[in-house]
Amino acid sequence: MHPITHLPVITVTVRKPGPTYALHAMALIDSTTSKILRRYTPDELKTQANLMRGYNLVALCAAGSGHAGGTLSIMDITAALYLDVADHDPKNPNWPERDRIFWSAGHKAPALYVGLAFAGFCNRDDVVTLRKLYSPFQGHPHWLKLPGVEASTGSLGQGLSVAVGSALACRLDGRRNKIFCIMGDGEQQEGSVWEAAMEAAHYKLDNLIAIIDVNRLQIDGAVSDVMNVAPLAEKYKAFGWLVIDIDGHNMEQVVNGLNQARNNEGSGKPTVLLAHTVKGKGVSFMENIAGWHGKAPNFDELVKSLNELGIEQAIPYAALLENAKRYQADVDKKLAAKMPQFGKNYWWNSGTTMTAAMKPTRMGFGESLSESGKDDRVVCLGLDISGSITISEFYAKHPERKNRWLSMGIAEQSATSAAAGLAREGKLPVFGTYATFAAARNLDQIRVSICYGNFNVMIAGAHGGVSVGPDGATHQALEDLFAMCGLPNMTVVVPCDSVEAKKATDYLLLKHVGPKYVRFAREATPIVSTLDTPFEFGKANVIRLRSESENFLNAFTTELADDYRNENEDLSIIACGPMVPEAMRAAWILKQEFGYETRVINMHTLKPLDRRTVLRAALDTRVVITAEEHQIGALSGMVASIISSAPALFDVPVITGAIGVKDRFGDSGAPWELIKEFEVSAEHIAQQAASLVLLKKKKEAELSELSLSGVAR
């Protein structure tokens, strides 16, 4: 029960004709004294919402990435909730009687952060560290890092279910607090939303208030075009909800609607507010533009935006941006301090020699679909981030293929099984999204609908690894290879660069029959192969450093492992994906610093793994290190299993090591910062390799000494 029941009731009359609802007696409160900290009039809330938009844009500009469109559309709701409607205590974020606000639309995290800041949970000036390494203001909310955040979110469609659980728990504990859940209209494409909607009505959760930001746009375009969710009002009513339609930018309607929802207690119905908004609200060149969904303003755009909002003089944006730079300088120092140090700087393109061209591996995937799509059997399924993962290249220059482009919206599970149905009818379906959504959210559908039936479906796991960057842990796939390699009938390929990604996609799509998963990174990574570089499915390549060169690629030779002859190297590094270039750079460091020769093995096919090449490396070099941008174990576990179970190695001392993510979730930060932070850079490979080779030499010396002493006796 709320501790205060005797305070006077305040009423607000909206300007438009309609009913008047009682305001509850609390909002921002000191939970120890029961004193209300501040109440706001609708006009004051409008002013605060405008300022919040400004701080939001400054933070996005400082981050250089993020979601401008949706944060601007939801800001009036945010101001009303955090400053006037929701009961909470910024000095006691875990006050048991507080209202809960869950942000299922986790990509709108900057709006959440400024809402918390303006309410007093944190310093509003600190929000400018948004998406930076070590900052609590993650790309998507993390409740363990920032007080006031109720749940870690980011994978769309889950927040309403969390809110249902919270509402049920509060009811069981006899509390009368309210549970709010903020969603987007595109998010309604996720099937789990409707499972939660059904549960809320079934359990008569009249303490639950869902808010849908109906801004009509998602990444791939208009919601009605991508996957129409209308009519939302009728659907929620059919599920047994009370539906309230409001103009999400009319503060009187916003406050009135939220308080009407609060007063729904006793009805036995959950409430949903359909807040009709404008994506990019307040900034002319952002409004109603889908391209601003996941885009941040540059400095000039920031200044123009603040001018349009009429708050350029009210926000110290220059000083805030300088604060962000100082924070970043501290991050750089911390990273430098934890990096292994060598005789010189070997980082990518830091000198005049060994320079590398950079290109995202995902580009090779798109280039392949553009060519291979001429096969009439190929059908591509879009899952709302089509341009980002380049699957839309299938039809970008070939409009005649649009009938074979199926936009499935934000609905990974259904799309997965639909792909199985297409394959059953002889089509060659391809679907893809971020690897964490392509291989985790829909894992049961992949297992049963695709793999169990051995259907010819291609799955693209894009943005794999920590190098996804500032989006943070919810969008960084670090476990997908465990799942995919563990599925019977599944083939798994992890190309090392964009050139190999095209070759792999060409082969898997048109020549390989059965379930297949191809994984690639988001960030531009070094090109370390050419059109002439061999690529044979299921067969690894051996890469050897020959001499320093002006061009990094030209310093190495590459050949099929089956054709390679032992050169008595000191160690082997087995790598996959973008870790192959890192392994090559580690070979350069080891040669220059220690004189060690390294056999780099590009294990592009993880399943089936090239067992023979692993055994040869173990026998020939006696030191084998794996390198993967993934939780340690996907590649290293299979390699270690081969080495430990091979009779030919039972009496051979083989020293093994593993580079990868060490049983932790990802973090927000710049892609290459995270490569350093998670200790998967060439420097970390070289450091471990040097210590293991030294250990090998020590053991060999000890054995030699024992042998000589035996002869002497």
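Residues numbered from 1 in each chain as written. Predicted model: local features only at pLDDT ≥ 70, side-chain atom pairs only at ≥ 80, totals over all residues. Heavy atoms only, no water.

Some details on helix α9 (residues 251-262)
Stated formally: The helix count covers DSSP runs of H or I at least four residues long, the strand count covers runs of E at least two residues long, and both are numbered beginning at the N terminus. A helix's residues, less one, multiplied by 1.5 Å, set its expected span. Only protein chains enter the accessibility calculation, which uses a 1.4 Å probe. A residue is then buried if its area is under 20% of the maximum for its type, exposed if over 50%, and partly exposed in between. Under this definition, polar contacts are N or O atom pairs within 3.5 Å; protein pairs additionally need one hydrogen-donor-capable and one acceptor-capable atom, and for neighbouring residues in sequence, both atoms have to be side-chain atoms.
Under the 1.5 Å per step criterion, the end-to-end length of α9 is 16 Å for 12 residues, consistent within 8% with the ideal 16 Å. With 12 of 12 residues buried, α9 lies mostly within the body of the structure. Among the residues making up α9, those that are buried are M251, E252, Q253, V254, V255, N256, G257, L258, N259, Q260, A261 and R262. Capping the start of α9, N250 holds a side-chain oxygen 3.1 Å from the backbone nitrogen of E252, two or three residues further along.

Focus: the packing of helix α21 (residues 611-621) against helix α22 (residues 634-645)
Operational definition: To define axes, lines are fitted to C-alpha atoms, for helices over the stretch in contact only, and angles between the resulting N-to-C directions are given on a 0 to 180 degree scale. Roughly parallel covers angles under 35 degrees, roughly antiparallel covers those over 145, roughly perpendicular covers 65 to 115, and oblique covers all other angles. Definitions for this section: a left-handed crossing has its near helix turned counterclockwise from the far helix by less than a right angle. A right-handed crossing has that turn clockwise. Note on contacts: a residue pair qualifies if any of its non-hydrogen atoms lie within 4.5 Å across the two residues.
Orientation of α21 relative to α22, taken along the N-to-C sense of each, is 65 degrees, at an axis distance of 10 Å. As summarised for this structure, α21 and α22 are arranged roughly perpendicular, according to the angle between their axes. Classified by chirality, the crossing of α22 by α21 is right-handed. The segment α21 lies against α22, with R611, V614, L615 and A618 engaging V639, I642, I643 and S645.

Brief notes about unusual backbone geometry
Cis geometry is adopted by the peptide bond preceding P231, which originates at A230 and carries an omega value of 0 degrees. Omega for the peptide link from K607 to P608 comes to 5 degrees, which places this bond in the cis form. Despite not being glycine, M354 has its phi angle at roughly 55 degrees, a positive value. Counting through the fold element by element, M354 comes out in the loop between α11 (317-338) and β12 (358-360).

So, the confidence of the model for the chain
Operational definition: Scored from 0 to 100, pLDDT reflects the predictor's confidence in each residue.
Confidence along the chain averages 95 in pLDDT terms, with 96% of residues attaining 70 or more. pLDDT under 50 marks residues 1-22. Its contacts with residues more than four places away, or in other chains, come to 45 contacts.

Section: the environment of T361
Mapped onto the elements, T361 comes out in helix α12 (residues 361-372). Under the relative-accessibility criterion, T361 is labelled buried at 0%. The sequence separation of T361 and D76 amounts to 285 residues, and the corresponding C-alpha distance is 40 Å.

Some thoughts on the pattern of salt bridges
Rule in force here: Here, a salt bridge means any side-chain nitrogen of Lys or Arg that lies within 4 Å of a carboxyl oxygen of Asp or Glu.
Counted by the stated rule, this structure contains 41 salt bridges. R175 is the salt-bridge partner of D173, the closest N and O atoms lying 3.3 Å from each other. A relative accessible area of 51% places D173 in the exposed class. Among the residues examined, R175 registers a relative accessible area of 23% and is labelled partly exposed. Residues E367 and K359 are paired through a salt bridge, measuring 2.8 Å at the closest nitrogen-oxygen approach. Exposure remark for E367: the relative accessible area of 31% places this residue in the partly exposed category.

Let's talk about the side chain of H140
Residue placement: H140 occurs in the loop between α4 (109-119) and α5 (159-172). At 2.8 Å, the side chain of H140 forms a polar contact with the backbone oxygen of D471. Ignoring any residue separated from it by four or fewer positions in sequence, one finds H140 in contact with G106, H107, A109, Y113, R131, T153, G154, D471, T474 and H475.

Considering the sheet that holds strand β17 (residues 491-493)
Heads up, the condition is: Pairing between strands requires that DSSP locate at least two bridges from one strand to the other.
Across the sheet, seven strands lie side by side as β14-β13-β15-β16-β18-β17-β24; this open sheet has mixed pairing. On the outer flanks of this sheet lie β14 (405-407) and β24 (605-607), each paired with one strand and no other. Sheet twist, expressed as the average angle between the axes of neighbouring strands with direction ignored, equals 20 degrees. Sheet topology note: the strand β16 (residues 458-462)/strand β18 (residues 516-519) ladder contains four bridges and is parallel. Following the sheet pairing, A460 is matched in β18 by V518.

Thoughts on the nonpolar core
Generally speaking, soluble globular proteins have nonpolar side chains that are buried together. Filter applied, for reference: We define a nonpolar core as any set of buried Ala, Val, Leu, Ile, Met, Phe, Trp, Tyr and Cys residues linked to one another through side-chain atoms lying within 4.5 Å.
Counting residues in hydrophobic clusters, the biggest one holds 71 residues, and the most contacted among them are V58, L81, Y113, F180, I211, L258 and I315. Here this core takes 11 residues from helix α1 (residues 42-63), the largest share from any one element. Each residue touching Y113, except ones within four places of it in the same chain, is listed here: C122, V127, L130, P136, F137, Q138, H140, P141, L146 and V149.

Examining empty space enclosed by the protein
As a reminder of what qualifies: Here a cavity denotes grid points, spaced 1 Å and computed from the protein atoms alone, that fit a 1.4 Å probe unable to get out, and a pocket denotes an open set having protein on both sides within 12 Å along at least 5 of 7 lines; residues with an atom within 4 Å of a point are the lining. Grid points are joined across faces, edges and corners, and a volume is the space filled by probe spheres set on the points. Polar here means any residue other than Ala, Val, Leu, Ile, Met, Phe, Trp, Tyr, Cys and Pro, which are nonpolar, and Asp, Glu, Lys and Arg, which are charged; Gly is therefore polar.
Considering all chains together, one arrives at six cavities of 30 Å³ or more under this definition. There is about 80 Å³ of room inside the largest cavity. What lines the largest cavity is Y82, H88, P93, R98, D99, R100, I101, L116, F121, G148 and E150. Residue composition of the lining of the largest cavity, grouped by class: five nonpolar, two polar and four charged. Taken as a whole, the second largest cavity spans an internal volume of roughly 60 Å³. In this structure, the second largest cavity is lined by S467, T525, P578, M579, E582, E629, W672 and I675. Taken together, the elements giving at least two residues each to the lining of the second largest cavity come down to α20 (579-594) and α23 (671-677). Counted by class, the lining of the second largest cavity contains four nonpolar, two polar and two charged residues.

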